Structures are given as C-alpha cells and as structure tokens.
Amino acid sequence: GTAGTVPWPSVTGAEVSRDGGTLLICSPRSAALFRLTGDGEFVASDPRRAITFPNRGTIEACCLSEAGIFLIAENGNLFRTTEQDFDAQVRFRLK
C-alpha cells in the first residue's frame, strides 16, 4: 500500500536506511532525508533536511552507506556527502 506522499518534485531515486528509519530521495538538482515510522510510514510533518547540487549533471540515483551518502549523475559525476550536510541544509560543492 501507499506509505505517504513525498513533498518533493521530480524524484529520480530513493533508498531506505538499513534500520528502516530514514528515507533518502534524490531529484535532478537536490536530495533530501525524511524520517520513517517503525511501520515504514512516511512522516509527512517531519521537517525536511536537504542539500542542492551545482549544475554538474542530473542526479539519477542515490545510496546510503556507512561510508556516506552517494549520489550519481547521468554524466557519471559521483557526489559523496554526509547526514551532517543535510542537517545544516548546505549547498554541496565539489572541491
């Protein structure tokens, strides 16, 4: 069944954390983290934690891992970031 509606435009990818408590979604120019309930239901009232990306390709896929949060663009650019970046709602820049 439906677990809720994600208030985010143009979702291109998503992943749920191993513990089932976090939903990562990505769109062409941004990514966001949302909380999930113990039943896997989406917490609609949860303030979103999000980051945006420079114009270095359209983000198509995302992955949560112990080594960080990875997002890959159609052109092959790979972005690595952390939950702390989402908490600060920073604009992610390549160095």
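## Some remarks on the overall build of the protein chain
Point 1. A tally of helices and strands in the protein chain yields one helix and seven strands.
Point 2. Counted from the first residue to the last, the protein chain has its helices and strands arranged as β-β-β-β-β-β-β-α.
Point 3. Sequence-distant contacts in the protein chain: of pairs separated by 6 or more residues, those separated by 24 or more amount to 39%.
Point 4. As displayed, the protein chain offers around 5700 Å² of accessible surface, 48% of which is attributable to carbon and sulfur atoms.

## Description of the side chain of Thr81
Point 1. Along the chain, Thr81 turns up in strand E7 (residues 78-81).
Point 2. A relative accessible area of 1% means that Thr81 is categorised as buried.
Point 3. A distance of 2.4 Å separates the side chain of Thr81 from the side chain of Asp85, its partner in a polar contact.

## Quick notes on the confidence of the model for the protein chain
Point 1. Across the protein chain, the average pLDDT comes to 81, with 80% of residues at 70 or higher.
Point 2. For the protein chain, helix H1 (residues 83-88) is the element with the lowest average pLDDT, namely 81, and strand E5 (residues 59-65) is the one with the highest, namely 94.

## Describing the sheet that holds strand E3 (residues 30-35)
Point 1. The four strands lie next to each other as E1-E2-E3-E4, forming an open sheet whose pairing is antiparallel. For this open sheet the edge positions go to strand E1 (13-16) and strand E4 (49-52), each flanked by a neighbour on one side alone. With direction set aside, neighbouring strand axes in the sheet form an average angle of 15°.

## Re the nonpolar core
Point 1. In terms of nonpolar packing, the biggest core is built from 14 residues, with Leu24, Ala31, Phe53, Ile59, Ile69, Leu71 and Phe86 touching the most fellow members.
Point 2. Mapped by element, the contributors of at least two residues to this core are strand E2 (22-27), E3, E5 and strand E6 (68-73).
Point 3. Ignoring any residue separated from it by four or fewer positions in sequence, one finds Leu24 in contact with Gly13, Ala14, Glu15, Ala31, Ala32, Leu33, Cys62, Cys63, Leu64, Ile69 and Phe86.
Point 4. Counting seven residues, the second largest nonpolar core, distinct from the first, contains Ile25, Ala32, Phe34 and Leu36.

Thresholds applied
- Residues numbered from 1 in each chain as written.
- Predicted model: local features only at pLDDT ≥ 70, side-chain atom pairs only at ≥ 80, totals over all residues.
- Heavy atoms only, no water.
- Helix = DSSP H or I, 4+ residues; strand = E, 2+ residues; numbered from the N terminus.
- Contact = heavy atoms within 4.5 Å.
- Areas by Shrake-Rupley, 256 points an atom, 1.4 Å probe, with all protein chains shown as cover.
- Buried < 20%, exposed > 50% of the residue type's maximum accessible area, 1.4 Å probe, protein only.
- Polar contact = N/O pair within 3.5 Å; in protein donor to acceptor, adjacent residues only side chain to side chain.
- pLDDT = per-residue confidence, 0-100.
- Pairing = 2+ DSSP bridges.
- Axes fitted to C-alpha atoms, helices over the stretch in contact; angles between N-to-C directions.
- Core = buried A, V, L, I, M, F, W, Y, C linked by side-chain atoms within 4.5 Å.

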